[in-house]
Amino acid sequence: MKNNLSNIKKSKYYLDKGECIAIPTETVYGLAGNAYSNKATLKIFKLKKRTKKNPLIVHYNNLKMLNNDCITNSVFFKLYKKFCPGPLTFVLRLKKSSKISKNVTSNQKTLAIRFPSHLLTKKLLKLLNYPLAAPSANISTKISPVSKEDVKEEFGNKIKFILDGGRSKIGLESTIVSLVNKPRILRLGGMERSKINKVLNKNITFDSVKKKIIVPGQSKLHYSPGIPIKLNSTNPKPNEAFILIKKRKKSYKNYYYLSKNRNLKQAAKNLYKILRVIKNKKYKSIVVEKIPNIGFGEVINDRLRRASTK
Ligand code: TXA
Ligand code: MG
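Because the structure is a prediction, the values reported are computed rather than measured.

Engineer: Sorry, what's going on with the packing of aromatic side chains here?
Structural biologist: Centre distance and the angle of the planes are the two values used to describe a pair of aromatic rings. Considering all chains together, one arrives at 11 aromatic pairs under this definition. When the ring of F76 is compared with that of F77, the centres are 5.2 Å apart and the planes differ by 70°; the resulting orientation is edge-to-face. Its relative accessible area of 0% is what places F76 among the buried residues. Aromatic side chains Y80 and F115 sit 5.0 Å apart centroid to centroid with 75° between the ring planes, which places their arrangement in the edge-to-face category. In this pair, Y80 sits in helix α4 (residues 74–83) while F115 sits in the loop between β6 (110–114) and α6 (119–127), placing the two residues 35 residues apart along the sequence. A relative accessible area of 2% means that F115 is categorised as buried.

Written as structure tokens, this is what we have:
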């Protein structure tokens with residue numbers, strides 16, 4: 001991509017002015033703004049129609065800048081060394097001296113942060129003297145975007161610029177681990193939890209159903225195409241879209257394959273893309289065949305369950 005350098009400079013130009021732009025990451029596209037700016041971060045909430053109570057993830061290029069904002073600890077360094085840059089978000093304590101906008105934290109004393117691995121976004125972050133607050137670049141509760149076209153579909157010309165980094169490699173949001181007290185997984189995602197457990201040499205808890213919602217990514221309706229979804233099902237009607245992970249002998253035009261050979265990583269990558277295609281085809285409902293609840297299968301099931309809440 002020849003124009004990358006000028007596109008990165010263009011991105012910096014808008015961000016420096018306090019505007020929001022869309023940036024590519026390995027998980028999903030983000031709607032980014034200067035995390036130190038009240039003006040830029042307020043715009044993010046407005047564009048996404050997001051409640052101000054739902055804090056944002058901040059994206060860093062290196063530890064040096066992170067040190068201005070967060071208190072780190074030994075568990076953080078263990079995971080950082082192994083997995084960063086990559087699809088893992090940490091919730092850490094915010095430093096009193098941090099300049100992170102109160103909009104970003106929803107006035108809480110913790111901050112969610114990550115180090116994205118997408119090359120263009122890394123290059124962009126390197127040029128900036130502030131980190132980027134960036135939630136997924138979709139209207140609240142809708143399907144997250146995994147390409148420039150998806151972002152366009154969400155926001156039309158309401159945003160100034162989309163830095164095109166091709167299709168997101170992972171296709172699902174980052175895993176969120178809170179290190180504020182005992183390590184806990186708050187959201188399943190692009191970093192398999194078995195890998196985190198292995199590094200920390202213990203099983204970290206993940207409670208998918210919480211009485212008190214800490215991560216609104218855990219709230220009920222999310223990632224939704226806006227039509228009913230039936231899980232663990234077979235035999236769809238012709239006006240229902242059928243999502244599969246393994247090739248059938250006979251396929252019909254309402255059959256949508258996340259994978260043709262039960263490859264769950266590939267299925268995860270295709271999930272949002274296919275939900276978006278189905279949504280645009282105006283089916284009455286979606287039927288999903290049983291997906292094994294292991295590895296990325298667990299993440300896919302988590303997202304489908306939330307997308308299917310009426
Ligand atoms: O992969 C990702 O994480 C993408 C890309 C763009 O980086 N971002 C993303 O952001 O998924 P968003 O806003 O769609 O989801 C962030 C989740 C929200 O559910 C939010 O409630 C939670 O992170 N969160 C943010 N700050 C938090 C905090 N201090 N404590 C607990 N949860 C927090
Ligand atoms: Mg989101």
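Past the structure itself, the notes keep going.
Engineer: Would you mind showing me how to read unusual backbone geometry here?
Structural biologist: Most of the time, phi is negative for any residue but glycine, and the peptide bond is trans. Look at the link from C84 to P85: it is a cis peptide, with omega at 0°. Locating P85 in the fold gives a position in the loop between α4 and β5 (88–94). The backbone of N232 sits at a positive phi, close to 50°, despite the residue not being glycine. Tracing the sequence through the fold places N232 in the loop between β11 (229–230) and β12 (240–244). The phi torsion at N235 lies on the positive side, around 55°, for a residue other than glycine. Its place among the elements puts N235 in the loop between β11 and β12. On the basis of relative accessibility, which here comes to 69%, the residue N235 falls in the exposed class.

Engineer: In this structure, what is going on with the nonpolar core? I would like to understand it.
Structural biologist: With 88 residues, the main nonpolar core has F90 and I113 as its most contacted residues. By residue number, the principal contributor to this core is helix α9 (residues 264–280), which donates 8 residues. Counting the residues that make up this core, at least three belong to each of domain 1 (4–200) and domain 2 (229–307). Apart from the residues within four sequence positions on either side, F90 is in contact with F76, L79, Y80, C84, L111, A112, I113, V177 and L179. Counting residues in hydrophobic clusters, the runner-up holds 6 residues, among them I57, A112, V180 and L186.

Engineer: Please clarify how the sheet that holds strand β13 (residues 255–257) should be interpreted in this entry.
Structural biologist: Strands pair in a sheet through their backbones, by hydrogen bonds, and they do so in one of two ways: parallel or antiparallel. A sheet is described by the order of its strands in space; here 4 strands give the open sequence β11-β14-β12-β13, paired in parallel fashion. Two strands bound the open sheet, and with one partner strand each, they are β11 and β13.

Engineer: What am I meant to see in the packing of α9 against helix α10 (residues 296–308) here?
Structural biologist: Angle between the axes and distance between the axes are the two parameters that describe a pair of packed helices. Between α9 and α10, the least distance of the axes is 8 Å, while the angle of their chain directions is 20°. With respect to α10, the axis of α9 lies roughly parallel. α10 is crossed by α9, and the crossing has left-handed handedness. Contacts from L264, K265, A267, A268, L271, Y272 and L275 in α9 reach F296, G297, I300, R303 and L304 in α10. When grouped by side-chain class, the residues that make up the contact of α9 with α10 number 9 nonpolar, 1 polar and 2 charged.

Engineer: Looking at this structure, how should I read the domain arrangement of the chain?
Structural biologist: One frequently used descriptor of interface size is the decrease in accessible area upon assembly of the parts. Each assigned domain of the chain is listed here: domain 1 (4–200) and domain 2 (229–307). Using only C-alpha atoms to locate each centre, domain 1 and domain 2 end up separated by 28 Å. Contact residues are listed per partner, giving 22 residues for domain 1 and 16 residues for domain 2. Of the roughly 1800 Å² buried at the junction of domain 1 and domain 2 (both faces included), carbon and sulfur atoms supply 53%. Among the residues domain 1 hides against domain 2, the three largest losses belong to I143, R167 and L172. Together they make up 35% of the total. Between R276 and D150 there is a salt bridge, with its nearest N and O atoms 3.7 Å apart. The element contributing the most residues to the side of domain 1 that touches domain 2 is helix α7 (residues 148–155), with 3 residues.

Parameters at a glance
- Residues numbered from 1 in each chain as written.
- Chains lettered and ligands numbered in written order.
- Predicted model: local features only at pLDDT ≥ 70, side-chain atom pairs only at ≥ 80, totals over all residues.
- Heavy atoms only, no water.
- Phe/Tyr/Trp six-rings, centres within 6.5 Å; stacked < 30°, edge-to-face > 60°.
- Buried < 20%, exposed > 50% of the residue type's maximum accessible area, 1.4 Å probe, protein only.
- Helix = DSSP H or I, 4+ residues; strand = E, 2+ residues; numbered from the N terminus.
- Core = buried A, V, L, I, M, F, W, Y, C linked by side-chain atoms within 4.5 Å.
- Domains from an automatic or database assignment.
- Contact = heavy atoms within 4.5 Å.
- Pairing = 2+ DSSP bridges.
- Axes fitted to C-alpha atoms, helices over the stretch in contact; angles between N-to-C directions.
- Parallel < 35°, antiparallel > 145°, perpendicular 65-115°, else oblique.
- Left-handed = near helix turned anticlockwise from the far one by under 90°.
- Nonpolar A, V, L, I, M, F, W, Y, C, P; charged D, E, K, R; others polar.
- Buried area = accessible area lost by both parts, 1.4 Å probe.
- Salt bridge = Lys/Arg side-chain N within 4 Å of Asp/Glu carboxyl O.

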